[in-house]
Amino acid sequence: MSEKLRLGVNIDHVATVRNARGGAYPDPLRAAKLAEEAGADGITAHLREDRRHISDADIERLMDVLSVPLNFEMAATDEMQAIALLHKPHAVCIVPEKREERTTEGGLEVAREENKLAHFIAPLRDAGCRVSIFIAADRRQIEAAHRIGAQVIELHTGAYCDAHVEERFEDRDAELESLREMSAFAASLGLEVHAGHGLTYDTTGPVAAFPEVRELNIGHFLIGEAIFRGLRPAIEEMRGIMDAARA
Ligand code: PXP
């Protein structure tokens, strides 16, 4: 059996539901504690520039109460860098952000902005954060992430998951094969490999089976599933799928 695969539960969309009405309910912190109890190895939260779900106060409270590591997702802006340096979370994941997008649609263009990103992540690394870069399964981007000094890459699984949902099975299999090859390539450079976006009970197993992948970050599906059966069983089933794929 290969090394245990970590599950990072993304709680952004608990905050989305809270913010639909204003006020404090449902509290993403409560979801984070429940996720910990259900077997999450980490909590992921994305502080967007427009604060559409997670708020600054949420990040502060998560840093105070979590017993598992916080993976702080953020865009490469000065404002976010200052917040990360204030809290020094275990991990910082740099993601592209466009105001008009509904979710993080693609990976970061590291190759095009290599110099800028190298300077951007250096203080985060110096502060002790593990820096992860969210990218497509693309050799050029992986090489660039390695060159700028990132310790981790997170591969965007959205194209693979979309192809599955839309029953484009040839495309799905081709996307999965790219993810497999690029996981191995990144690991061969010494990068730690994570993956996430759009994963469900149907799509997680094949990605979890890649021995180089060390962590999956999953949010929207788990929070949606929690509406029907509760957060704990939703997470426990995902954990079971990951462990079975790894066995
Ligand atoms: N990983 C990263 C870097 C993300 O930006 C997101 C979405 O915020 C996820 C994982 C989780 O994606 P989903 O909510 O679709 O599971």
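As shown above, the structure is provided for reference.
Residues numbered from 1 in each chain as written. Predicted model: local features only at pLDDT ≥ 70, side-chain atom pairs only at ≥ 80, totals over all residues. Heavy atoms only, no water.

What to know about the pattern of salt bridges
Two side chains bearing opposite charge may form a pair once their charged atoms approach each other closely.
Piece 1. Taken as a whole, this structure holds 23 salt bridges when the rule is applied.
Piece 2. For glutamate 215, the salt bridge identified is with arginine 6, shortest N-O distance 3.1 Å. Separated by 209 residues along the polypeptide, glutamate 215 in strand β8 (residues 213-218) and arginine 6 in strand β1 (residues 6-10) bring together distant segments of the chain.
Piece 3. Between glutamate 177 and arginine 180 there is a salt bridge; the shortest N-O distance is 2.5 Å. Residue glutamate 177 and its partner arginine 180 are located together in helix α8 (residues 169-188), separated by three residues, close to a single helical turn.
Piece 4. Arginine 180 gets classed as partly exposed once you look at its relative accessible area, which sits at 38%.
Piece 5. Members of the salt-bridge network, linked through shared partners, are Lys4, Asp41, Arg239 and Asp243. (Salt bridge = Lys/Arg side-chain N within 4 Å of Asp/Glu carboxyl O. Helix = DSSP H or I, 4+ residues; strand = E, 2+ residues; numbered from the N terminus. Buried < 20%, exposed > 50% of the residue type's maximum accessible area, 1.4 Å probe, protein only.)

Some points on the site of the ligand
Piece 1. Taken together, 14 residues lie around the ligand, and Glu73, Glu154, Gly198, Gly219 and His220 are the ones closest in.
Piece 2. Between the ligand and glycine 219, the relevant distance is 2.8 Å, taken from an oxygen atom to a main-chain nitrogen or oxygen of the residue.
Piece 3. Separating an oxygen atom of the ligand from a backbone N or O atom of histidine 220 is a distance of 2.8 Å.
Piece 4. Here the ligand, which alone exposes 390 Å², has 95% of that area covered by the protein.
Piece 5. Per-class residue counts for the shell around the ligand are four nonpolar, seven polar and three charged. (Near = heavy atom within 4 Å. Polar contact = N/O pair within 3.5 Å; in protein donor to acceptor, adjacent residues only side chain to side chain. Areas by Shrake-Rupley, 256 points an atom, 1.4 Å probe, with all protein chains shown as cover. Nonpolar A, V, L, I, M, F, W, Y, C, P; charged D, E, K, R; others polar.)

Notes on unusual backbone geometry
Piece 1. Put simply, tyrosine 25 and proline 26 share a cis peptide bond, and its omega is -5°.
Piece 2. Inspection of the secondary structure assignment puts proline 26 in the loop between α1 (12-21) and α2 (28-38).
Piece 3. Residues other than glycine seldom take positive phi values, yet lysine 88 does so here, at roughly 50°.
Piece 4. Within the fold, lysine 88 resides in the loop between α4 (78-87) and β4 (91-94).
Piece 5. Classification of lysine 88 as partly exposed rests on a relative accessible area of 47%.

So, the side chain of threonine 77
Piece 1. As for its position among the elements, threonine 77 is in the loop between β3 (70-74) and α4.
Piece 2. Judged by relative accessible area, threonine 77 falls into the buried class, the value being 19%.
Piece 3. A distance of 3.2 Å separates a polar side-chain atom of threonine 77 from the backbone nitrogen of methionine 80.
Piece 4. Leave out the neighbours within four places in its chain, and threonine 77 touches Glu49 and Phe120. (Contact = heavy atoms within 4.5 Å.)

A short note on the pairing of strand β2 (residues 42-46)
Piece 1. Burial analysis of β2 places five of its five residues in the buried class, which makes it a mostly covered element.
Piece 2. Burial along β2 is two-sided: the residues Gly42, Thr44 and His46 and Ile43 and Ala45 are all buried.
Piece 3. Of the pairings in the sheet, the one linking β1 to β2 comprises three bridges and is parallel in character. If you follow valine 9 over to β2, its bridge partner there is isoleucine 43. (Pairing = 2+ DSSP bridges.)

Brief notes about the environment of alanine 184
Piece 1. When you line up the elements, alanine 184 lands in helix α8.
Piece 2. For alanine 184, a relative accessible area of 31% corresponds to the partly exposed category.
Piece 3. Sequence separation between alanine 184 and phenylalanine 210 is 26 residues, and the spatial gap between their C-alpha atoms is 8.4 Å.

Brief notes about the state of the cysteines
Piece 1. Under the criterion given, the structure shown has zero disulfides.
Piece 2. Counting only cysteine sulfurs, cysteine 129 is the nearest neighbor of cysteine 93, a cysteine outside any disulfide, at a range of 12 Å. (Disulfide = S-S within 2.5 Å.)

A few points about the sheet that holds strand β5 (residues 130-135)
Piece 1. Ordered by their spatial adjacency, eight strands build a closed barrel running β1-β2-β3-β4-β5-β6-β7-β8, and the pairing between neighbours is parallel. Across the sheet, the axes of successive neighbouring strands diverge by a mean angle of 25°, strand direction being ignored.
Piece 2. Looking at chain direction, β2 and β3 are connected through four bridges and run parallel. From the neighbouring strand, histidine 46 faces β3, where its bridge partner is glutamate 73.
Piece 3. Here α8 sits on the sheet in contact with β6 (152-156), β7 (192-196) and β8, set at roughly 175° to β6. (Axes fitted to C-alpha atoms, helices over the stretch in contact; angles between N-to-C directions.)

Quick word on the packing of aromatic side chains
Aromatic ring pairs are reported here in terms of the distance separating the ring centres and the angle at which the planes meet.
Piece 1. Taken as a whole, this structure holds one aromatic pair when the rule is applied.
Piece 2. Taken together, a centroid distance of 4.7 Å and an interplanar angle of 85° make the contact between tyrosine 201 and phenylalanine 221 edge-to-face. Highlighted residues: tyrosine 201 in helix α9 (residues 201-208) and phenylalanine 221 in helix α10 (residues 220-229), separated in sequence by 20 residues.
Piece 3. Here tyrosine 201 falls in the buried class, since its relative accessible area comes to 15%.
Piece 4. By relative accessible area, phenylalanine 221 is classed as partly exposed at 21%.
Piece 5. Arginine 139 extends its terminal NZ or CZ atom over the ring of phenylalanine 185, reaching a point 4.3 Å from the ring centre. (Phe/Tyr/Trp six-rings, centres within 6.5 Å; stacked < 30°, edge-to-face > 60°. Lys NZ or Arg CZ within 6 Å of the ring centre and 35° of its normal.)

These results come straight from atomic positions and should not be treated as a statement about function.
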